[in-house]
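Listed here are the chains, written in short residue letters.
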Amino acid sequence: MVSKGLSNLSDEADLRRADSLAREIFSDVANKWALLIMEALGERTLRFSELRAEVQGISHKMLTQNLRMLERNGLAERKVHPTVPPRVEYTLTEPGQTLRATVDLICGRTHEYFGHIESARRRFDT
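Our subject in this report is the structure included herewith. (Residues numbered from 1 in each chain as written. Predicted model: local features only at pLDDT ≥ 70, side-chain atom pairs only at ≥ 80, totals over all residues. Heavy atoms only, no water.)

## As for the pattern of salt bridges
Opposite charge on two side chains makes pairing possible when the charged atoms of those side chains draw close. Counted by the stated rule, this structure contains six salt bridges. Among the salt bridges present, the one from Glu89 reaches Arg87, with a minimum N-O distance of 3.4 Å. According to the relative accessible area criterion, Arg87 is partly exposed, its value standing at 28%. Between Arg109 and Glu112 there is a salt bridge, with its nearest N and O atoms 3.4 Å apart. Pair noted here: Arg109 and Glu112 are both in helix 5 (residues 94–112), with a separation of three residues, about one helical turn. Judged by relative accessible area, which is 51%, Glu112 ranks as exposed. (Salt bridge = Lys/Arg side-chain N within 4 Å of Asp/Glu carboxyl O. Buried < 20%, exposed > 50% of the residue type's maximum accessible area, 1.4 Å probe, protein only. Helix = DSSP H or I, 4+ residues; strand = E, 2+ residues; numbered from the N terminus.)

## Considering the packing of aromatic side chains
In this description, an aromatic ring pair is defined by two values, namely the gap between the centres and the angle between the planes. Counted under the stated rule, the structure contains zero aromatic pairs. Over the ring of Trp33 we find Lys32; its NZ or CZ atom is 4.6 Å from the centre of that ring. (Phe/Tyr/Trp six-rings, centres within 6.5 Å; stacked < 30°, edge-to-face > 60°. Lys NZ or Arg CZ within 6 Å of the ring centre and 35° of its normal.)

## A short note on the pairing of strand 2 (residues 76–81)
Two elements, strand 2 and strand 3 (residues 87–92), share six bridges in a ladder whose sense is antiparallel. Counted as the bridge partner of Lys79 is Glu89 from strand 3. (Pairing = 2+ DSSP bridges.)

## Points about the packing of helix 2 (residues 32–41) against helix 4 (residues 60–72)
Remark: helix 2 packs on helix 4, axes separated minimally by 10 Å, with the N-to-C direction vectors making an angle of 75°. Judged on the interaxial angle alone, helix 4 and helix 2 are roughly perpendicular. Here Trp33, Ala34, Ile37 and Met38 of helix 2 come into contact with helix 4, specifically with Met62, Leu63, Asn66, Leu67, Met69 and Leu70. Its residues placed into classes, the contact of helix 2 with helix 4 shows nine nonpolar, one polar and no charged. (Axes fitted to C-alpha atoms, helices over the stretch in contact; angles between N-to-C directions. Parallel < 35°, antiparallel > 145°, perpendicular 65-115°, else oblique. Contact = heavy atoms within 4.5 Å. Nonpolar A, V, L, I, M, F, W, Y, C, P; charged D, E, K, R; others polar.)

## Description of the side chain of His81
The topology assignment puts His81 in strand 2. In contact with His81, other than residues within four places in its own chain, are Pro86, Arg87 and Glu89.

## Structural notes on the nonpolar core
Ranked by size, the top nonpolar core spans 21 residues in total, and within it Ile37, Leu41, Leu51, Leu63, Leu67, Leu70 and Tyr90 carry the most contacts. For this core, the secondary-structure elements that each account for two or more residues are helix 2, helix 3 (48–54), helix 4 and strand 3. Per element, the largest residue contribution to this core is six residues, and it comes from helix 2. Beyond its immediate sequence surroundings of up to four residues, Tyr90 is in contact with Leu41, Arg44, Thr45, Leu46, Phe48, Leu51, Leu67, Glu77 and Arg78. (Core = buried A, V, L, I, M, F, W, Y, C linked by side-chain atoms within 4.5 Å.)

## Digging into the packing of helix 2 against helix 5
Describing two packed helices takes the angle between their axes plus the distance from one axis to the other. Where helix 2 contacts helix 5, the two axes come as close as 10 Å, and the packing angle between them is 110°. Viewed along their axes, helix 2 and helix 5 adopt a mutual orientation that is roughly perpendicular. Residues Leu35, Met38 and Glu39 of helix 2 pack against Gly96, Leu99, Arg100, Val103 and Asp104 of helix 5. When its residues are assigned to classes, the contact of helix 2 with helix 5 shows four nonpolar, one polar and three charged.

## Remarks on the sheet that holds strand 2
Ordered by their spatial adjacency, three strands build an open sheet running 1-3-2, and the pairing between neighbours is antiparallel. Whereas interior strands pair on both sides, the edge strands pair on one side only; in this sheet they are strand 1 (46–47) and strand 2. On the sheet, helix 2 packs against strand 1 and strand 3 and is oriented at approximately 95° with respect to strand 3.

Geometric values such as these leave the question of function open.
If you want it as structure tokens, here you go:
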């Protein structure tokens, strides 16, 4: 049996680990390529070549790195179909969809307050 004091320490450690993990994931996905990939996937499944065509300007290497990062963090799934040549498809997982919705909310707020942001930046930069 765990004493109440030790249980609270364990809960606090779990919260610290969760906060640390959240910051790590945010750091991973807070780049233009990851956000564009998540937006391109939206609510559909795409092959690698379709994703590359959808995300204008991304290199093969950068797309591969970002897809691996999204997969590692449980935000995207990679499905390999046993064909010749193999057909590989990517889709967002439920957590990936939720994160995408959150990013869409942030973008919506930016659009809503665009004038205010631009005005503040002009005042600040002069």
